[in-house]
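Results of the structural survey
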Amino acid sequence: MTSPDRAFPDPRMGEPFLLTPGPLTTAYSVKEAMLKDWGSWDGDFRAMTKSLCDQLVALAGDTKGEFACVPMQGSGSFSVEAMLGTMVPRDGKVLVLANGAYGLRAAETLRVMGRAHTLIDKGDYLPPRGDEVGRALDADPAITHVIAIHCETSSGILNPVAEIAEAVAARGRKLLIDSMSAFGAVDLDVNRIRYEAMVSSANKCIEGVPGFGFVIARKTALEAARGNAHSLSLDVHAQWAAMVKTGQWRFTPPTHVVAAFLEALRLHAVEGGVEGRGARYARNRDVMVQGMRELGFETLLADRWLSPIIVTFFNPADPNFVFSRFYDLMKAKGFIIYPGKLTVVDSFRVGCIGRMDEHIMRRVVKAAAECLAEMGVASAAPPAAAIAERAKLAA
């Protein structure tokens, strides 16, 4: 039953809420959509694939028929590798913008596939800015592409992709965007932000389940990408060409996941699309952050950089605070949180996405307060070193 004070019920099977950047808590109707089997070659399933692609291109804002959506089997990282390996020519060079684990993973992916690349590494959380991207491109004319992370979930920062896109376009280079945990809730309209391709995943802001990612790319870029791929199965051009010709995936598709995703897309549209979904997540963040700050917790990031996806908090300095114990207590109260990924100071993260609303986030804060009391933590204030580290953040 859904109570009058909240929009969404607790998970029907009794599992904890997933306060993570995906996989995340999904609607029961999304789970229910997976109960039917589909033939991957059948016309009904081909129609499902076409609907999926058409709806995603529309979410990106394309009204001129300039973009195509290419779903790819596997986790989001599979699709990131597919995008990089297909869209970047073998003699190309990529400027990687890193301020956390996922930018560094892109650089490692390029290294493994043998693509030339260079790196702007801002550390754990400082945002890459348009002016420094411009300087790097001016200094190295061999760079053909730039890869930027839209929301770096290792810190929770929402990177300034619009100003990065301007710097890249002004110099005639091509921008690729990893919008894995932001697309569907944060604006990435092709009419306002210039990019060649972006990549996201089924189990993020559209609130589907894991099993495939997707690349939304300019058709001209896809046409030019033939023969670029380093991999048979991770060739976005070949997948696109097959879908154009036959309507089918080249290899066995995650049929049940596609069915679930279509239901998730329906719910996304009912909520008001990107704007409506993003507003709920932002409200989730604001309610949760305010409550956690009232308990004494401090966020890593200043408000201007806080994404509506996930928020990083410093661990309390109190010696009674042990994250593993805090995690277990929160789980017992119905909430799974995320460990931190910062290298300098200890932290943890709380996600704002998934089938949750502000009323559930108030329960998260209440659970955190109870956990601190049970652990004997007198203050949630972080150590001085954490505050000193935060002071380095760009204004």
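Residues numbered from 1 in each chain as written. Predicted model: local features only at pLDDT ≥ 70, side-chain atom pairs only at ≥ 80, totals over all residues. Heavy atoms only, no water.

Turning our eyes to something else, we now look at the nonpolar core. The nonpolar side chains of a soluble globular protein tend to be buried, and buried together. Counting 50 residues, the largest nonpolar core has Leu56 and Tyr195 as its most contacted members. Per-element accounting of this core gives the leading share, nine residues, to helix α9 (residues 255-271). Aside from chain neighbours lying at most four places away, what touches tyrosine 195 is Ala60, Phe67, Leu175, Ile177, Leu188, Val190, Ile216 and Arg218. Core analysis: the second largest hydrophobic core is formed by 42 residues, Phe17, Met288, Phe297 and Met330 among them. (Core = buried A, V, L, I, M, F, W, Y, C linked by side-chain atoms within 4.5 Å. Buried < 20%, exposed > 50% of the residue type's maximum accessible area, 1.4 Å probe, protein only. Helix = DSSP H or I, 4+ residues; strand = E, 2+ residues; numbered from the N terminus. Contact = heavy atoms within 4.5 Å.)

This brings us to the pattern of salt bridges. Taken as a whole and judged by the stated rule, the model has 26 salt bridges. Among the ionic pairs, arginine 111 bridges to glutamate 108, the shortest N-O distance being 2.8 Å. Here arginine 111 and its partner glutamate 108 are both found in helix α4 (residues 101-113), three residues apart, which amounts to about one turn of the helix. Here arginine 111 falls in the exposed class, since its relative accessible area comes to 51%. Note on glutamate 108: relative accessible area 38%, which makes it partly exposed. Notably, a salt bridge pairs arginine 135 with aspartate 131, separated by 3.9 Å at the nearest N-O pair. Here aspartate 131 and arginine 135 lie together in helix α5 (residues 130-139), a separation of four residues that amounts to about one turn. Taken as a pair, arginine 135 and aspartate 131 share a single burial class, namely exposed. (Salt bridge = Lys/Arg side-chain N within 4 Å of Asp/Glu carboxyl O.)

Looking now at the pairing of strand β8 (residues 174-178). By the criterion of burial, β8 is predominantly enclosed, with four of the five residues buried. Across five bridges, the pairing between strand β5 (residues 145-149) and β8 is parallel. Counterpart to valine 146 in the pairing with β8 is leucine 175. Sheet topology note: the β8/strand β9 (residues 197-201) ladder contains three bridges and is parallel. Bridge pairing in β9 places isoleucine 177 opposite methionine 198. (Pairing = 2+ DSSP bridges.)

Estimates place the volume of the largest pocket at around 440 Å³. As for the largest pocket, its lining consists of 26 residues, of which Ser77, Tyr102, Arg105, Met180 and Lys204 are closest to the centre. Sorting the residues of the lining of the largest pocket by element identifies α3 (76-87) and α4 as the ones contributing at least two each. For the lining of the largest pocket, the element with the most residues is α3, which contributes five residues. Here the residues of the lining of the largest pocket sort into eleven nonpolar, eleven polar and four charged. As a volume, the second largest pocket reaches approximately 320 Å³. For the lining of the second largest pocket, the elements supplying multiple residues, two or more each, are α2 (43-59), β2 (67-73) and α8 (236-246). Here the lining of the second largest pocket takes six residues from α2, the largest share from any one element. For the lining of the second largest pocket, the residue count by class is eight nonpolar, two polar and four charged. (1 Å grid on protein atoms, 1.4 Å probe; cavity = no way out; pocket = protein on both sides within 12 Å on 5 of 7 lines; lining within 4 Å. Points joined across faces, edges and corners; volume = space filled by probe spheres on them. Nonpolar A, V, L, I, M, F, W, Y, C, P; charged D, E, K, R; others polar.)

Now for the packing of aromatic side chains. All chains considered together, the criterion is met by 15 aromatic pairs. Between phenylalanine 297 and phenylalanine 348, the ring centres sit 5.6 Å apart and the planes meet at 85 degrees, which makes this aromatic pair edge-to-face. Note that phenylalanine 297 is positioned in the loop between α10 (273-294) and β11 (310-314) and phenylalanine 348 in strand β14 (residues 347-351), a separation of 51 residues in sequence. For the pair phenylalanine 297 and phenylalanine 348, a shared accessibility class is recorded, and that class is buried. (Phe/Tyr/Trp six-rings, centres within 6.5 Å; stacked < 30°, edge-to-face > 60°.)

How two helices pack is summed up by the angle between their axes together with the distance between the axes. Viewed as axis vectors pointing N to C, α9 and α10 meet at an angle of 85 degrees, and their least axial separation amounts to 7 Å. Judged by the inter-axis angle, α9 sits roughly perpendicular to α10. On the side of α9, the interface is formed by Leu267, His268, Ala269 and Glu271, while α10 contributes Gly273, Val274, Gly276, Arg277 and Arg280. In terms of residue class, the contact of α9 with α10 is built from three nonpolar, three polar and three charged. (Axes fitted to C-alpha atoms, helices over the stretch in contact; angles between N-to-C directions. Parallel < 35°, antiparallel > 145°, perpendicular 65-115°, else oblique.)

The next subject is the sheet that holds β11. Taken in spatial order, the three strands line up as β11-β14-β13 in an open sheet, and their pairing is antiparallel. Of all the strands in the sheet, the pair left with one neighbour each is β11 and β13 (338-339).

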